[in-house]
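# Examining the three-dimensional arrangement
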Amino acid sequence: MLVQIRSDKRQPGGVIYSIQGPGVDEEPLGLFSVEKFSGRVFLNAELDREKTSSYRLKVFALDRGGSVLEEPTDLEIVVVDQNDNRPAFVQEVFAGRVLEGAAPGTYVTRAEATDADDPDTDNAALHYSILAQGSPELFSIHERTGEIRTVHVGLDREAVTTYNLTLQVADMSGQGLSATASAIISVDDINDNAPEFTRGKLLMEVTEAVSGVDVGRLEVEDRDLPGSPNWVANVTILEGDPEGHFGIRTDPRTNEGVLSVVKPLDYESHAHYELRVSVQNEAPLQAAPPRAQRGQATVSIRVQDVNEAPVFLENPLRTSLAEGAPPGTFVASFSAQDPDTVQLQRVSYSKDYDPEDWLQVDGATGQIQTRRVLSPASPFLKDGWYRAIVLALDDGSPPRTATGTLSVEILAVNDHAPALAPLAAPSLCSEPERGPGLLLGATDQDLPPHGAPFRFRLSPAEPGLGRNWSLSHVNGTHARLRPRHTLPEGLHRLRLLLQDSGQPPKEREQPLNVTLCRCGLSGACLPGAAALRAGGAGLGLGVLAVALGSAAVLLLLVLLVLLRARFRQRSRDRSLLRGLQDDYLRDNILNYDEQGGGEEDQDAYDISQLRHPWEPVFPSFPPGRPPLRREAPLGRGRPQPPRAPPASPADIAGFIRDVGAAGVRTRARAQGLQAADCDPSVPPYDTALIYDYEGEGSVAGTLSSPVSSVGEEDQDYDYLQDWGPRFARLADLYGHP
C-alpha cells in the first residue's frame, strides 16, 4: 500500500472511493489501484523514475447512490530515485593535440560523461580520473569538469609523438557505478631542432664555360617533422663567390642543397673556388636549442679547363658604307680572340650568312671588304641596313665556333637628279586668269634626305621664259605653271631646271612641251582647240620617236610570221601532191594500210558518190537539226552539216582533193578523222571500213586495174582531166592518145 485516503463526510452506508489519472486509466495503465471502501492505494507494477518521476491523480468520494460527497482531491505520487544507472562517456575515444615543449597546465582536451539518475542526488554525482597514461605522468584530468591538461615539462615530439590515456568516470562521487574511455593526445612539432650538414668539408669539380649544370649535393639532416617548414632547409653561400657564379637550391624530396653553376666559369681567370655555406630552416627556431655543431660547411670547387669558343671583341658589329661602293672597298675588321691562354690556337674566319654574296672575309685576319656593288633595290636591305653573319673557328680539340653579326648601314648618296613626272596631255589656257594652270610633279630615285623637297625653276638660258611664264610652289614635290599674260595658242617649248635637296644637290634641265588653248569660263579648252592639243603635247619628240620605232618593229615581226606560215602551207601542198604522184605508180588510188571489213560491210562510206556522182544524196535522219554523234569527242565544236555532193567534174576534183586524199598521207588522214568525228551522218572512225569494194554499175567504170578493160569495150576517161591535176596522170594513162 502506498497511501490511504479518507473523506470527512461519512455516510451511514459508507463512502465509495475511486481514482483517475496517469497510471490508472491513462498511460501507463494499471500502475495504481484503490480499495473502494477502505481508500487504500496500492502499487501494481515497478516504477522507473528515469521515465516518469511523479504521477498526479484525482481522488473521488461518492455515496452509495453515486452522488459526490465532496470536490475531487489531487493525489501526487513522487518516485524516489535509486542508483540504478551507470554513468557513460559521450564518446569512446577523445582526441587532443598539444605542442611539444608546452608549459605545465596547458589545456589539451575535455572528457564528458552523463548519468541518467537524479542529478540532485549522489546517484548522479560524477567523478573523473586517469587510470593509466604511462610513465612519466605528463597529463592530469579535473575530477569534476573532465578537462585534461599538461602537468610537467618534457613533451618532445621527436621522443614520443602520441600518448594514449585510459579515463574513468564514477557516480556517487567516485564510490558508485563507473565507466571507462580512451583519450589519444598527439604532440605537434615545433622548430626546436636546428638543421646540420652531415659533413663539414666537401670537394667538387666542374668544367668551365658552362652554365645551368649541377656541381654537387650538400646533405642536410633535421630531426623535426619531415616536409614541414621546421624541416625544410635553406642553404646559402656566405662567402667565396663575389661574382655570383654559383647558386644553391633545395631538393624537396631529400632536403639536400644542390649546388649549381648559374654563370659560366673561366678557368684562365679563376681556377679554384672556396665557398663557405650555411643552412637554416624556413621557419624560425621556437626555442633555444643547443648550438648546431655543423650549421656551416666549406665547399672546395676546382674548375677544369676545356677548349672555349673564340670571342668577338664587339658583337654585334655596326658600321656604315656609302651606297655604290666599288668592289674591294674596306668594310670592317671583325676579329675574335681565343680565351684559351694556356693552349695556343689559331682562329680562322668565314661567312655564314651573306644573302647578296656582297662581302668577302679574309680567313686569317677577319677583315671584310666588298666583292661587288650592292644594289640599292636589294630585298635584303632593310631600312638601309644590310645584315651578315661571320664565323670564327679555332683549331682546338674539339674545334669551337663563334658567331658574329655584322650590320652595315648603307649611306645614301645623291647620285640622281630629279625628273619631271610624265604628263598625259599638258595643256592650259592661254589666258592667265582662266583655268587652274598646269600641275607639274617630279620624282627622284635617291632616298631621303637626297630627294624631296624639289626646286622648280625656268631655265635662265632663255630669258623670255621668265617674262611669259611663272612657276609657283605647291608642295615639296609639285609646282604649278601659268602664263603671265595672254600668249598665242599652240605648242610652246619650255626648259625647266629641277633641283633636289641632297648634299651636294643635283640639278637637271628638262624640256617641256605645253599646248596653249582657248578656254571657256569653266577653265576647260574649247572644242575648237582640240587639234592644237593633239598637235604638240608631251615632253619632247624623243618619246614619240621611240613609240613609232617600237610600232614599226612589231609590224615587221607580224609580217615575218605571216610569210613563214604561208611558205609552210605551200610546202605541205607540194609534199601531198608529190606523194599522190608516187602512189599512182602502184596501180592503186588509196593506201590500204589499215584493215577494214569485207565486201559485206556496206556501212563504212557511202560509195554511191562514186557510182552516181551527179545525183544528190541526202541524209536519212529526219529534217531539222542534225543529231550529234555519240562518238564525237567532248570539247569539240558544233558538228558540221553533211558535205553536199559535187554537181560538176570541177566540184568532183575539189571533193576528192579535200576528202579522198585523207587516206593518202598521215596528216590528211588526221583531217579526215576530225571531219568524221564532227559529221553525224557517218559511222564512227573505228567502224570496219571497206577499201577494196568499188561497187558495180558505175557510170565512171572501174578503176581497179589498168588491164581491167581487156576484152571489154573501151571506155572514155577524158573526163578525168576535169577533176584536177591529181587525176591528170590517170587521164593520160587510160584516156585516148
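The protein chain is annotated in an unreviewed UniProt entry as Cadherin-15 from Heterocephalus glaber. Recorded in UniProt under Function (unreviewed entry), the annotation for the protein chain is "Cadherins are calcium-dependent cell adhesion proteins. They preferentially interact with themselves in a homophilic manner in connecting cells; cadherins may thus contribute to the sorting of heterogeneous cell types. M-cadherin is part of the myogenic program and may provide a trigger for terminal muscle differentiation."

## A closer look at the sheet that holds strand E38 (residues 455-458)
Strand order in the open sheet formed by 4 strands is E36-E42-E41-E38, and the pairing between neighbours is mixed. With partners counted over all chains shown, the strands left at the sheet margins are strand E36 (427-429) and E38, one partner each. On average, adjacent strands in this sheet sit at an angle of 45° to one another, irrespective of strand direction. Judged from the 3 bridges that link them, E36 and strand E42 (residues 507-517) form a sheet pairing that is parallel. Within the sheet, the bridge partner assigned to Ser427 lies in E42 and is Thr515.

## What to know about the packing of aromatic side chains
One pass over the structure, following the stated rule, counts 7 aromatic pairs. A centroid spacing of 5.2 Å and a plane angle of 80° characterise the contact between Phe246 and Tyr273, whose relative ring orientation is edge-to-face. With Phe246 in strand E21 (residues 246-250) and Tyr273 in strand E23 (residues 272-281), the pair connects residues that are 27 residues apart, well separated along the chain. Considered together, Phe246 and Tyr273 belong to a single accessibility category, that of buried residues. Following the ring pairs from residue to residue traces out a cluster consisting of Phe89, Phe94 and Tyr128.

## A short note on the state of the cysteines
Using the criterion set out here, one finds 2 disulfides in the structure. Here Cys429 engages in a disulfide with Cys519; their sulfurs sit 1.9 Å apart. The sign of the S-S torsion, about -105°, decides the handedness of the disulfide formed by Cys429 and Cys519: left-handed. Remark: Cys519 occurs in the loop between E42 and helix H2 (530-535) and Cys429 occurs in strand E36; sequence separation between them is 90 residues. Cys519 carries the same exposure label as Cys429, and that label is buried. A sulfur-sulfur separation of 1.7 Å characterises the disulfide bridge that pairs Cys517 with Cys525. Between Cys517 and Cys525, the S-S torsion sits near -45°, and that sign places the bridge as left-handed. By relative accessible area, Cys525 is classed as partly exposed at 23%. When the cysteines engaged in disulfides are numbered in sequence order, the protein chain pairs them as 1-3, 2-4.

## Let's talk about the environment of Val153
Turning to its location among the elements, Val153 is positioned in the loop between strand E13 (147-150) and strand E14 (162-170). Residue classification places Val153 among the exposed positions, given a relative accessible area of 62%. Sequence separation of Val153 and Leu138 is 15 residues, and the distance between their C-alpha atoms is 7.7 Å. Apart from the residues within four sequence positions on either side, Val153 is in contact with Ala102 and Pro104.

Criteria and cut-off values
Each chain carries its own residue numbering, running from 1 in the written order of its sequence. For this predicted model, a pLDDT threshold of at least 70 governs which residues receive local features, and a threshold of 80 or more governs which side-chain atom pairs are given and counted, while totals over whole chains, interfaces and linings are taken from all residues. In computing side-chain values, all of the structure's heavy atoms are included and hydrogens and water are not. UniProt positions are given in the numbering used here, feature names are shortened, and annotations may be inferred rather than shown by experiment. Whether two strands pair comes down to DSSP finding at least two bridges between them. Secondary structure elements are taken from DSSP: a helix is a run of H or I of four residues or more, a strand is a run of E of two residues or more, and numbering for both begins at the N terminus. Between N-to-C directions, angles span 0 to 180 degrees; the directions come from axes that are lines fitted to C-alpha atoms, helices contributing only their stretch in contact. Each Phe, Tyr or Trp ring (for Trp, its six-membered ring) is paired with any other whose centre lies within 6.5 Å, and the angle between the two planes then decides the class: stacked below 30 degrees, edge-to-face above 60, tilted in between. Exposure is judged per residue with a 1.4 Å probe applied to protein chains only, and the accessible area is read against the type maximum: over 50% gives exposed, under 20% gives buried, and values in between give partly exposed. Only a pair of cysteine sulfur atoms within 2.5 Å qualifies as a disulfide here. Pairs of residues are marked as contacts when any of their non-hydrogen atoms sit within 4.5 Å.

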